[in-house]
Amino acid sequence: RSASIVVGNFRFRILVFPSGTHTTQGNQVSAFVEADPLEGLDPRWVFHSVKYQVAVVNWLNYTKSVTKSDTWTFCKDGIDRGWHDMVRTADLSLESGWLGPDNSLCVRAQCCVRQADGLNINSEYNTKQETGYIGLKNHGATCYMNGLLQSLFHVGEFRKIVYSIDCDEPLGAPGKDDPAGHEGQLSKGPIGGSQGADEGEGKAPPLIQALQNVFYKLQTSDQAVDCRELMKSFGWDTMDAFTQHDVQELNRILCDRIEEQMKGGPMDGSIKRLFEGEMENYIECIDVDYKSRRNETFYDIQLNIKGERGQELRSIEESLREFTAEETLEGDNAYEAEGHGKQRAKKGIRFLTFPPVLNLQLKRFHFDLEKMDMVKLNTRFEFHKRLDLSGLAPNAGVYLLYAVVVHSGDVNSGHYYAHIRPDLEGGWLKFDDDTVTPCSEYAAVDDNYAGNDLMLWNYFERSRREIQTVQVPSRPRIHNAYMLVYIREDQAAQILMPPDPRVTNLKMVERCDRDVRLAEQRRREKVEQQLQIKIKIVFERDLCKMLGFWDHTEIPHSHTIKMGRDQHVRDLAAEVEALVDVPQINIALFSLQYRSNPRQVRFSFLPLTSTFRANIPQYTAPHFDASDPHLVVLCIAASAFDPRSLKLLPAAKSPDELSKWVDDQVILLVVKYFCPASRKIVTLGCCYIQQNDNLIAMITCGWVADRLQPYVASKDVQPIPAEAFAAGQDAGALWECWEEFSERDIQQRSVKRSFRNEQLWTGDVVVWQIASPGARTGE
């Protein structure tokens, strides 16, 4: 093994087997890059997508050197990577150049590490158990909001302020078109965030109440918190969730809205005391006694990455010096002093006070006048854990780095996450949407300076002159700090101390706990809906209430029960038996199904061995109701039972065993009758019959006559001539049968042909009527 070297915080060394490994049986020199993790890294450390290169150098002619490169994710279980077959051991000699002084081999390695260490976690990783904290769900492109919310939440004093507000205003926030809702409208900024938006229903609560809900869940829940309610309180719609907004503006909206809510109360002014600083814009004449001063407050300081003169600024200190740099106004640019005319003057900004919590926004996004477009500046910009501001304002003191909000990507797309120290004496945590992981100080701080990373390059292919003059290839680091939060050292312990919500605002806690219980109840109901299916039970007597043409949306039902989606149909048959006291063996079940050719919704036989899940309509089916998923099941009892009372008829023979239904032999039809006199279509019920029987069998067996009697008695239809049912008559000449496809499409069927030949199937709807005189005589 070689001595170790460090790139970023990835320490590695070269592992060489001069006589080869077991794999090559000693025929090849083998060389590998081996990770040598720094002390203090989490045992689950991982370095993603490390580009590495190994070269065996030829001492006599470097252009003959053997170079190989690849990419690998180094971790504890994949600690080394390289090649077993670099150079043949038989070729090792001084004459060949592979051996140098003292018969030595020269092996070199390069590594390009684009990002600091991460944590190698799996699906069993529990954020709360590992870190004590939880994350926030990403709803499209809301990672920037998640980073800001986490940085605010862990400032215990700010959380206490949010908790302390009494929210008595009614539920419902102003929408986008309501002028009163202007404080919720954010302008759009650099895009970022991963997809994953969820649907959300209901009215938006007031912004403060929504923020309280999020913070309380972050403190008490075990699962990542949903922010859709808070987004709605901003006046955002679904598309806004997929659009990046401005972080600084969101921060100002939250602070202003909270401050407004506390006016006149005991906590009035607390937000300003926590976040607000003051600066002075001044102009002072050099040759006369005239000064112009204007004070203004700030919630954050926007620091240039690129100076006003185009120079690159390398650190916070350098950027602050430029921010407060004094400019001399003279010549044509002299200052017009009231009463003194044009005067030489000094112009600049002085800080008067810094807030206890100092937000620094790094101006990574810059308008390029040459390109006439926004660009992201990825130049190196350093910041450190301690920031001494005592030279910039009276009693300013020392500040400690508390949070680093990172942007990874470019001006058009990217992702935000935050590194935070909830306890300044403890370690750093990475808050990346719903995942919270421990991270090293290097990953939180140094790795986010930006700058350029040197790339792998095979200089053995270059001439000596090219090696001396060519520029080493490099790539800009696109993940870098976007916002920094510092906390004044002498107040840090008090500012970061987590509040007890029950002590701060018991009323809020009770409301939030109640909301949590309601949300859990809704979740259980949703899970139950996914596991169960509502079944609307329809009996033949229910169908008989239908008049006119078939409409599957108007089918009345007698009972509604819930069954497990994976239960079998036979379980429903048992439920029906208990409902109506008809033995299961004498029952057949049919559910509404969608036919594609022709497009119809009709009843179809339900085998007792099938599950309900297999029969749930497709989402696009006409009879599927997304707001109320259910099955409509028709229960048919054997003909020996009265269709209305479902009691066994006195003179009935042994009831048919419908549980043995064979769908390709028996057919079930929904049967209607049209009365030419009353112009009414009444539903007679459901008739099951052999498929090979002729249609007229429904008349000759007396089924139609029996079912017509109640309608004749109620005078809904006129009495049927006795000869229509008389034995010995050619009943086929006296009746017409029509198949109903729709209100506008009915087609006549031959009553002397079989159901099979007329292509009638279970669930079809037929309408009987007395043949017109012209049809009887053949006219």
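Before reading further, recall that the structure is shown in the block above.
Residues numbered from 1 in each chain as written. Predicted model: local features only at pLDDT ≥ 70, side-chain atom pairs only at ≥ 80, totals over all residues. Heavy atoms only, no water.

A. Just the overall build of the protein chain, in detail. Assigned secondary structure in the protein chain consists of 19 helices and 36 strands. A compact globule built from 779 residues should have a C-alpha radius of gyration of about 28 Å, whereas the protein chain, at 41 Å, is more than 25% larger. With respect to the three principal axes, the spread of C-alpha positions in the protein chain is 125 × 90 × 55 Å. By sequence separation, contacts in the protein chain at least 24 residues apart represent 69% of the contacts at least 6 residues apart. Split by element, the accessible area of the protein chain, about 38900 Å² in all, is 47% carbon and sulfur. (Helix = DSSP H or I, 4+ residues; strand = E, 2+ residues; numbered from the N terminus. Rg over C-alpha atoms; globule rule 2.2 N^0.38 Å. Contact = heavy atoms within 4.5 Å. Areas by Shrake-Rupley, 256 points an atom, 1.4 Å probe, with all protein chains shown as cover.)

B. Molecular detail of the side chain of Asp36. Inspection of the secondary structure puts Asp36 in the loop between strand 3 (28–35) and strand 4 (45–57). Asp36 gets classed as buried once you look at its relative accessible area, which sits at 15%. Among the polar contacts made by the side chain of Asp36, one reaches the side chain of Ser4 at a distance of 2.8 Å. Residues within four places of Asp36 in sequence aside, it is in contact with Ser4, Arg11, Phe12 and Arg13. (Buried < 20%, exposed > 50% of the residue type's maximum accessible area, 1.4 Å probe, protein only. Polar contact = N/O pair within 3.5 Å; in protein donor to acceptor, adjacent residues only side chain to side chain.)

C. View of the nonpolar core. By size, the foremost hydrophobic cluster in this structure holds 64 residues, and its most contacted members are Phe158, Phe215, Leu254, Ile258, Ile271, Phe275 and Tyr402. A total of 8 residues in this core trace back to one element, the largest contributor, which is helix 4 (residues 207–220). Residues within four places of Phe275 in sequence aside, it is in contact with Leu152, Phe158, Cys255, Phe298, Tyr299, Pro355, Val357 and Asn359. (Core = buried A, V, L, I, M, F, W, Y, C linked by side-chain atoms within 4.5 Å.)

D. Quick look at helix 15 (residues 569–580). The terminal C-alpha atoms of helix 15, which comprises 12 residues, lie 17 Å apart, in line with the 16 Å expected from a rise of 1.5 Å per residue. Val569, Leu572, Ala573, Val576 and Val580 are the residues of helix 15 that are buried. The arc that holds every buried residue of helix 15, seen down its axis, measures 105°, which confines them to one face. In this structure, the buried residues of helix 15 make contact with strand 27 (532–539), helix 14 (540–543), strand 28 (559–564), strand 29 (587–596) and strand 31 (630–637). Just downstream of helix 15, Asp581 is the residue with a positive phi angle, here 60°. (Expected span 1.5 Å × (residues − 1). Arc of directions from axis to C-beta.)

E. Quick peek at helix 4. Along its 14 residues, helix 4 runs 20 Å from first to last C-alpha, staying within 8% of the 20 Å computed at 1.5 Å per residue. Burial analysis of helix 4 places 11 of its 14 residues in the buried class, the great majority of the element. Among all positions of helix 4, only Leu207, Ile208, Gln209, Ala210, Leu211, Gln212, Asn213, Val214, Phe215, Tyr216 and Leu218 are buried.

F. Representation of the pattern of salt bridges. Counting across every chain of the model gives 38 salt bridges. As a salt-bridge pair, Asp42 and Arg44 come within 3.0 Å of each other at their nearest N and O atoms. Look at Arg44 and you get partly exposed, because its relative accessible area is 27%. Residues Arg753 and Glu758 are paired through a salt bridge, measuring 2.5 Å at the closest nitrogen-oxygen approach. Overall, Arg753 belongs to the partly exposed group, its relative accessible area being 38%. Taken together, the salt bridges that share partners define one network made up of Arg1, Arg11, Arg13, Glu34, Asp36 and Glu39. (Salt bridge = Lys/Arg side-chain N within 4 Å of Asp/Glu carboxyl O.)

G. Main features of the environment of Thr469. Position of Thr469 among the secondary structure elements: in helix 10 (residues 464–469). A residue is classified by how much of its surface remains accessible, and Thr469, at 62% relative accessible area, is exposed. When the C-alpha atoms of Thr469 and Thr131 are compared, they prove to be 50 Å apart, with 338 residues separating the residues in sequence. Here the side chain of Thr469 touches Arg465 through a polar contact of 2.9 Å, landing on its backbone oxygen.

H. Seen up close, the environment of Val632. Checked against the element boundaries, Val632 lands in strand 31. For Val632, a relative accessible area of 14% puts it in the buried group. Residues Val632 and Phe603, 29 residues apart in the sequence, show an inter-C-alpha distance of 8.8 Å. Residues within four places of Val632 in sequence aside, it is in contact with Lys536, Val538, Phe590, Ser591, Leu592 and Phe603.

I. Main features of the sheet that holds strand 32 (residues 666–675). What the 5 strands build is an open sheet, ordered 33-32-36-34-35; its pairing is mixed. Here the strands that pair on one side only, and so sit at the sheet edges, are strand 33 (680–690) and strand 35 (745–749). Taken pair by pair, the neighbouring strands of this sheet meet at an average axis angle of 35°, ignoring direction. Pairing between strand 32 and strand 33: 10 bridges, direction antiparallel. Of the residues in strand 33, the one forming a bridge with Val666 is Gln690. (Pairing = 2+ DSSP bridges. Axes fitted to C-alpha atoms, helices over the stretch in contact; angles between N-to-C directions.)

J. Spotlight on the packing of helix 4 against helix 13 (residues 506–531). Between helix 4 and helix 13, the least distance of the axes is 10 Å, while the angle of their chain directions is 75°. In terms of their interaxial angle, helix 4 and helix 13 are classed as roughly perpendicular. Across the interface between the two elements, Gln209, Gln212, Asn213 and Tyr216 from helix 4 touch Met508, Val509, Arg511, Cys512, Asp513 and Asp515 from helix 13. Taken together, the residues that form the contact of helix 4 with helix 13 break down as 4 nonpolar, 3 polar and 3 charged. (Parallel < 35°, antiparallel > 145°, perpendicular 65-115°, else oblique. Nonpolar A, V, L, I, M, F, W, Y, C, P; charged D, E, K, R; others polar.)

K. The sheet that holds strand 27, seen in detail. Taken in spatial order, the 5 strands line up as 28-27-31-29-30 in an open sheet, and their pairing is mixed. Among the strands making up the open sheet, the edge pair consists of strand 28 and strand 30 (599–605). Ignoring which end each strand starts from, the neighbouring axes of this sheet average 35° apart. Both strand 27 and strand 28 contribute to a ladder of 6 bridges, which runs antiparallel. Across the sheet, Ile535 pairs through a bridge with Ile561, a residue of strand 28. Where helix 13 meets the sheet, its contacts fall on strand 27 and strand 28, and the angle it forms with strand 27 comes to roughly 60°. Against the sheet, helix 15 engages strand 27, strand 28, strand 29 and strand 31, with an angle of about 150° to strand 28.

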